[in-house]
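What follows is the residue order along each chain.
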Amino acid sequence: MSTGSREDDVAIRIAGEIVVAQNPGEVMRSWRERFGISQIQLAKKMGVSSSVISDYESGRRRTPGIRFVKRYVKALIEIDKERGGATLQHLMRIYATTEKVWSAILDMRDFNKIITIEEFCQKISAKLLTCKDLSWQPVLGYTVVDGIKALVEVPAQEYTRFYASTTQRAIIFTRVTRGRSPIVAFKAMQVSMGGLKATLLVLHGSELTEEKVDKFALKVAEIERIPVALAKPEPIEVLIEKLRKISA
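Residues numbered from 1 in each chain as written. Predicted model: local features only at pLDDT ≥ 70, side-chain atom pairs only at ≥ 80, totals over all residues. Heavy atoms only, no water.

Engineer: What exactly am I supposed to notice about the overall build of the protein chain here?
Structural biologist: Broken down by element type, the protein chain carries 12 helices and 6 strands. Per-residue burial for the protein chain yields a buried fraction of 50% across its 248 residues. Of all intrachain contacts in the protein chain linking residues separated by at least 6 positions in sequence, the fraction that spans at least 24 positions is 77%. For the protein chain, the computed accessible surface area is about 12,200 Å², with 52% contributed by carbon and sulfur atoms. (Helix = DSSP H or I, 4+ residues; strand = E, 2+ residues; numbered from the N terminus. Buried < 20%, exposed > 50% of the residue type's maximum accessible area, 1.4 Å probe, protein only. Contact = heavy atoms within 4.5 Å. Areas by Shrake-Rupley, 256 points an atom, 1.4 Å probe, with all protein chains shown as cover.)

Okay, structure coming up:
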């Protein structure tokens, strides 16, 4: 894949995250700060006043149109490239992955503010089963994964792609029957990341109840200090809708 197409992938993903967000201004501000660019610098590159940027980011102006969002993202990337492109290169490494990985990802999002594991579980009606003493740890985003595709089609070395831009996120495995395989996969991700691990593993299955979750797997998770939560056995569309309503 050429650098140009990889750069376009980054721009498309950032713009898409802004457009679908409940509060686009907050997401715009979050990305600008991630690039380390001031409102004045961005406004100059876009050819607008800094008050325009401020009004959109604060929500004083109504939701920006897609054309403005594209200009906003393009300016972020151009300024970063003028500085050497460190942030862009980092994002391209994150997003440069196989189609099998992306086909296994059902939804992915970063939050603009920190919430705890306990708060995250409350928002999606999940029950924390292991490492309850870690319920205070921060969750900065989530990735919803098709459990069958992830375990059957995605190479183990690619699992780290589920982390996206931060390891402090919840990885939600769907189509789970008992939970042993996802926990083993989660442990493998931890090893491949040199000991780093995602904040939370959430198990979801249309017929998965607490009684059906593999007890040995939960013991392993407890030993490895992997917080595991169980989502309600409801349609995945309902779960994703709850996740997208998280306004943190």
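Engineer: How should the packing of aromatic side chains be read in this particular structure?
Structural biologist: Two measures describe an aromatic ring pair: the distance that separates the ring centres and the angle between the ring planes. The full count for this structure, using the stated rule, is 5 aromatic pairs. Note on Trp31 and Phe35: the rings are 6.3 Å apart at their centroids and 45° apart in plane angle, and the pair reads as tilted. Here the residue Trp31 and the residue Phe35 both occupy positions in helix α2 (residues 24–35), the gap between them amounting to 4 residues, near one helical turn. There is no split in this pair, since Trp31 and Phe35 are both buried. Between the aromatic rings of Phe68 and Tyr72, the centroid separation amounts to 6.5 Å while the plane-to-plane angle is 40°, which identifies the pairing as tilted. Placement of both Phe68 and Tyr72 in helix α5 (residues 66–82) is noted, with a separation of 4 residues, approximately one turn of the helix. One aromatic cluster in this structure is built from Tyr56, Phe68 and Tyr72. If you follow Arg34 out to its NZ or CZ, it ends over the ring of Trp31, 4.1 Å from the centre. Above the plane of the ring of Tyr56 lies Arg61, whose end atom (NZ or CZ) is 5.6 Å from the centre. (Phe/Tyr/Trp six-rings, centres within 6.5 Å; stacked < 30°, edge-to-face > 60°. Lys NZ or Arg CZ within 6 Å of the ring centre and 35° of its normal.)

Engineer: Help me understand unusual backbone geometry in this model?
Structural biologist: Peptide bonds are, in most cases, trans, and in most cases residues other than glycine have a negative phi. Phi at Ser125 is positive, roughly 60°, even though this residue is not glycine. Locating Ser125 in the fold gives a position in the loop between α8 (117–123) and β2 (127–128). Residue Ser125 is classed as partly exposed on the basis of its relative accessible area, which comes to 33%. Positive phi, normally seen in glycine, also occurs at Cys131, with a value near 50°. Relative to the assigned elements, Cys131 resides in the loop between β2 and β3 (138–146). Under the relative-accessibility criterion, Cys131 is labelled buried at 1%.

Engineer: What is the right way to look at the pairing of strand β5 (residues 200–203) in this model?
Structural biologist: The two faces of the sheet receive side chains in turn, since in a regular strand these alternate between them. Neither face of β5 is open: one carries Leu200 and Val202, the other Leu201 and Leu203, and all of them are buried. In this sheet, β5 lies alongside strand β4 (residues 170–174) in parallel orientation, the contact comprising 4 bridges. Counterpart to Ile171 in the pairing with β5 is Leu201. Relative to strand β6 (residues 228–230), β5 runs parallel, the two sharing 3 bridges. Following the sheet pairing, Leu203 is matched in β6 by Leu230. One crossover worth recording links β5 to the parallel β6 by way of helix α11 (residues 215–223), and it is right-handed. (Pairing = 2+ DSSP bridges. Right-handed = clockwise from strand over helix to strand, strands pointing away.)

Engineer: In this structure, what is going on with the side chain of Thr130? I would like to understand it.
Structural biologist: Here Thr130 shows up in the loop between β2 and β3. A relative accessible area of 2% places Thr130 in the buried class. In terms of polar contacts, Thr130 uses its side chain to reach the backbone amide nitrogen of Val228, at 2.8 Å. (Polar contact = N/O pair within 3.5 Å; in protein donor to acceptor, adjacent residues only side chain to side chain.)

Engineer: What is the right way to read the nonpolar core from this model?
Structural biologist: Nonpolar side chains in soluble globular proteins generally cluster together in the buried interior. Counting 27 residues, the largest nonpolar core has Ile14, Ile18, Trp31, Phe35, Leu42, Phe68 and Tyr72 as its most contacted members. Every element with two or more residues in this core is listed here: α1 (3–20), α2, α3 (39–46), α4 (50–58), α5 and α6 (86–95). The leading source of residues in this core is α5, at 8 residues. Apart from residues lying up to four places away in sequence, Leu42 is in contact with Arg32, Ile37, Ile53, Tyr72, Ala75, Leu76 and Ile79. (Core = buried A, V, L, I, M, F, W, Y, C linked by side-chain atoms within 4.5 Å.)

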